[in-house]
Structure formats: C-alpha cells, structure tokens
Amino acid sequence: NDNQIPSIPTEFGQLTTLTQLQAANNKIASAPSAILPVLLIVKLDNNLLSSLPPFVLTSPLVRTLRINRNLITTIPSQISSLPLTILDISYNTQITSLPSTFNQLTKLTTLSVVGDSLNCESLALVVGMNVHHVWDAIYVRIVRLLYRR
C-alpha cells in the first residue's frame, strides 16, 4: 500500500499460495493474467486501472474485491462467476451499467457504487438481489420508494 508502483509484475502469477493482495494507493495501471487458486481478497483502491485486472476474473475464490477510485469503465460479465461477498466499485465515474448477469452474484452481501453513474436497469438488478448493504444514495431512495407502496 501507499507506494508509487505503476504495475503488478508478471512474476505475480507465480504466487499460487497468495490469499490477499493489498496494493491500494499506488499508480497501478496494469496487471498480468494469472490464476491464483487461493486468492480471497483483492484491494486495489485508488490506482489507475481502466479495467478489471484479468487475474481477478480467473482466480476462483475471490470473495472481497475493492477497486474503488480507479478509472474503470465497465464491469465484465465474467465477474458473476466469482463467489464475491463484498464488492466496492465506488468512484469509478465512467461505470454506467452492470452486466445483465450481475444478479448471479448470489453470495454478495455488500455492494458500494457511490459516485458511479449507474443506469436504472442496473439499479433494478440490484434491487432484486439479497444484498444487505448497498452504499449509494440514489439506490437507497429507490428502495425506500419501492417499499412505501
């Protein structure tokens, strides 16, 4: 954390027993493809990533993914195959939608999308899920309106 690292080195893929990656507050703009079979927690907040790192989507046990305050523009549909319980994609202001498969994240309990520009269809996907903690002011207002009826 808190270094000026510009990228994650390719040797990173050799860390097959790595369970946590905490590399927040750096200058990371790219990351290699890798399969990390026991990786559980990824914290890449406040970097320069423009897309989800490939290793996240190919590491089958990722439960916590914090990638807030990056430059990410889209969330790929492959994210739905992860057993995520916590997802923080806040302040990636170019994210306007979630993949249609997002509701397949059945273990998701906490979602933070504060500062994103999600469209109504994406918010509707989340409303139908069993997510206990959603951090977004617009979403909270929609849920309150729905449950007043």
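For clarity, every value in this text was computed on a predicted model and none was experimentally measured. (Residues numbered from 1 in each chain as written. Predicted model: local features only at pLDDT ≥ 70, side-chain atom pairs only at ≥ 80, totals over all residues. Heavy atoms only, no water.)

A. Looking closely at the side chain of serine 112. Within the element layout of this structure, serine 112 appears in strand S5 (residues 110-112). Overall, serine 112 belongs to the buried group, its relative accessible area being 10%. (Helix = DSSP H or I, 4+ residues; strand = E, 2+ residues; numbered from the N terminus. Buried < 20%, exposed > 50% of the residue type's maximum accessible area, 1.4 Å probe, protein only.)

B. Main features of helix H2 (residues 120-127). Regarding H2, the residues found buried are Ser122, Leu123, Leu125 and Val126. Along the axis of H2, the buried positions cluster into a sector of 150°, meaning they face one direction only. Exposed residues lying more than 90 degrees from the buried face of H2 are Cys120 and Glu121. The N-terminus of H2 is capped by asparagine 119, whose side-chain oxygen sits 3.3 Å from the backbone nitrogen of glutamate 121. (Arc of directions from axis to C-beta. Polar contact = N/O pair within 3.5 Å; in protein donor to acceptor, adjacent residues only side chain to side chain.)

C. Inspection of the environment of asparagine 3 at higher detail. In this structure, asparagine 3 sits in the segment before strand S1 (20-22). Since its relative accessible area comes to 37%, asparagine 3 is described here as partly exposed. For the pair formed by asparagine 3 and alanine 24, sequence separation is 21 residues and the distance between their alpha carbons is 8.4 Å. Filtering out sequence-adjacent residues up to four positions away, asparagine 3 remains in contact with Asn25 and Asn26. (Contact = heavy atoms within 4.5 Å.)

Fair warning: the whole summary comes from geometry, so function is off the table for now.
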